[in-house]
Every structure is written in C-alpha cells, then in structure tokens.
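Given next are the chains, with one letter for each unit.
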Amino acid sequence: MIRPGLTAAGDRVRLPVGEQLLAPLVDALAIAYTEDPETVGQLLAGHAVSVLALDYAACSDDVPEHVRAMRAAEADGSREALLDSLPAEVQQDPLLLPDDAITLATRLTRLASHIRLHPRKARRA
C-alpha cells in the first residue's frame, strides 16, 4: 500500500512510490545482468547512447524538432528493450484493490486539506 505523507516543508503531499518501484526494478536488473551480462550490458550501453543523444538534442538550439522526436523514440525503444528483459512483476504499474484505492484517496484528501487549512504553518515548517 502506498503511504502518502507531507514533505518536510509541509507544503506538498509526498507519494513514496519510488521506493516501492525502484528497488525491485534495480534488483531485477542486477539479477538479469548476472544471468546474461553480455546481452544486458549491450542493452544498457545502447540505452545510454540513446539517452545521451536525446539529451544533446533536447538541449541544443540547432537540432530540428523532428530529430528531437526521433531521439526520444530511440530512447523509449531502448528503455522498453531493457524493461522487456526484466520480470513482469516489476514492469507493471502498482494495482490497488478497491478498498486500498479508497484508503489512499482518503489519506491524500486529508493531507491536501491540511495544507489548505494551514497554509502559513506549512510555509514555516
């Protein structure tokens, strides 16, 4: 279950999904690498090239928009190839049962209304 909370400043609601999603993803990637280091290494290297090309295209003023779009598509494709090598359970979005979804929505509403009701307190924190 995702447990929302307030940021240290108290001015935003924090959803700590990264901890639940990233740790299993990194673990699965490490296991996939130990099982087939050559293939996963090539996929990682290829993805790095795509990401760096996208970064350059996004930051450069002289790169046409269609080239930026192509670089983004290449990075998406190499990321998908990496994710396809991981177990299915770390590739999916978290799914909530109806009661868990209602609980999460209630907690989010309570935290957000606390910020709205106490805006000065939230800014001082």
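Described below are features of the structure shown in this document. (Residues numbered from 1 in each chain as written. Predicted model: local features only at pLDDT ≥ 70, side-chain atom pairs only at ≥ 80, totals over all residues. Heavy atoms only, no water.)

A short note on the pattern of salt bridges
Under the convention used in this document: Any Lys or Arg side-chain nitrogen located within 4 Å of an Asp or Glu carboxyl oxygen qualifies as a salt bridge. Helix and strand definitions follow DSSP, with helices as H or I runs of at least four residues and strands as E runs of at least two, each counted in order from the N terminus.
All told, the structure shown has 3 salt bridges when counted by the stated rule. Its salt-bridge partner being E65, residue R68 comes within 3.4 Å of it at the nearest N-O pair. Placement of the pair is R68 and E65 together in helix α3 (residues 65-84), with a separation of 3 residues, close to one helical turn. Salt-bridge contacts for E74 lead to R71; the nearest nitrogen and oxygen are separated by 3.6 Å. Taken as a pair, E74 and R71 lie in helix α3 at a separation of 3 residues, close to a single helical turn.

Some points on the environment of V26
Stated precisely, the cut-off is as follows: Classification of residues uses two cut-offs on accessible area relative to the type maximum, computed with a 1.4 Å probe and protein chains only: under 20% is buried, over 50% is exposed, and between them is partly exposed.
On the secondary structure map, V26 appears in helix α1 (residues 17-35). Accessibility expressed as a relative area gives 53% for V26, which makes it exposed. The spacing of V26 and L86 is 60 residues in sequence and 9.8 Å in space, taken between C-alpha atoms.

Some points on helix α4 (residues 98-117)
The line we're drawing: Take the residue count of a helix, subtract one, and multiply by 1.5 Å to get its expected span. Arc definition: directions from the helix axis to the C-beta atoms.
In this model, α4 (20 residues) spans 28 Å end to end at C-alpha, consistent with the 28 Å of a helix rising 1.5 Å per residue. Of all the residues in α4, the buried ones are L104, L111 and I115. Buried residues in α4, looked at end-on, bunch into an arc of 45 degrees, giving them a common side. In this structure, α4 carries P98, D99, I102, T109, R110, R116 and L117 as exposed residues pointing more than 90 degrees from its buried face.

Some points on the packing of helix α2 (residues 37-59) against α3
Packed helix pairs are specified by the crossing angle of their axes together with the interaxial distance, meaning the distance between the axes. Here is the rule: Only C-alpha atoms enter the line fits that serve as axes; for helices the fit covers just the stretch in contact. Angles between N-to-C directions range over 0 to 180 degrees. What sets the label is the angle itself: under 35 degrees gives roughly parallel, over 145 gives roughly antiparallel, 65 to 115 gives roughly perpendicular, and the rest give oblique. Crossing handedness is read from the near helix: turned anticlockwise from the far helix by less than a right angle, it gives a left-handed crossing, and turned clockwise, a right-handed one. In what follows, residue pairs with any heavy atoms lying within 4.5 Å of each other are defined as contacts. In the scheme used here, Gly and all other residues not listed as nonpolar or charged are polar, with Ala, Val, Leu, Ile, Met, Phe, Trp, Tyr, Cys and Pro taken as nonpolar and Asp, Glu, Lys and Arg as charged.
Packing of α2 against α3 brings their axes to within 8 Å, and their N-to-C directions diverge by 155 degrees. Relative to α3, the element α2 is oriented roughly antiparallel. Taken as a pair, α2 and α3 cross one another with a handedness that is left-handed. Residues V40, L43, L44, G46, H47, S50, A53, L54, A57 and A58 of α2 lie in contact with α3, whose contacting residues are R68, R71, A72, E74, A75, S78, R79, A81 and L82. When grouped by side-chain class, the residues that make up the contact of α2 with α3 number 11 nonpolar, 4 polar and 4 charged.

Section: the environment of T103
Note the cut-off: We call two N or O atoms a polar contact when they sit within 3.5 Å, provided that within protein one can donate a hydrogen and the other can accept it, with sequence-adjacent residues counted only if both atoms are side-chain atoms.
The topology assignment puts T103 in helix α4. T103 gets classed as partly exposed once you look at its relative accessible area, which sits at 32%. Polar side-chain contacts of T103 include one of 2.9 Å to the backbone oxygen of D99.

Observations concerning α3
Within an α-helix, residues lying three or four positions from one another point in the same direction, as the helix has 3.6 residues per turn. Here α3 spans 28 Å end to end across 20 residues, near enough to the 28 Å set by a 1.5 Å rise per residue. All of the buried residues in α3 are V67, A75, S78 and L82. Projection of α3 onto a plane perpendicular to its axis shows the buried side chains occupying an angular sector of 75 degrees, all on one side. Turned more than 90 degrees away from the buried face of α3 sit E65, H66, E80 and D84, all of them exposed.

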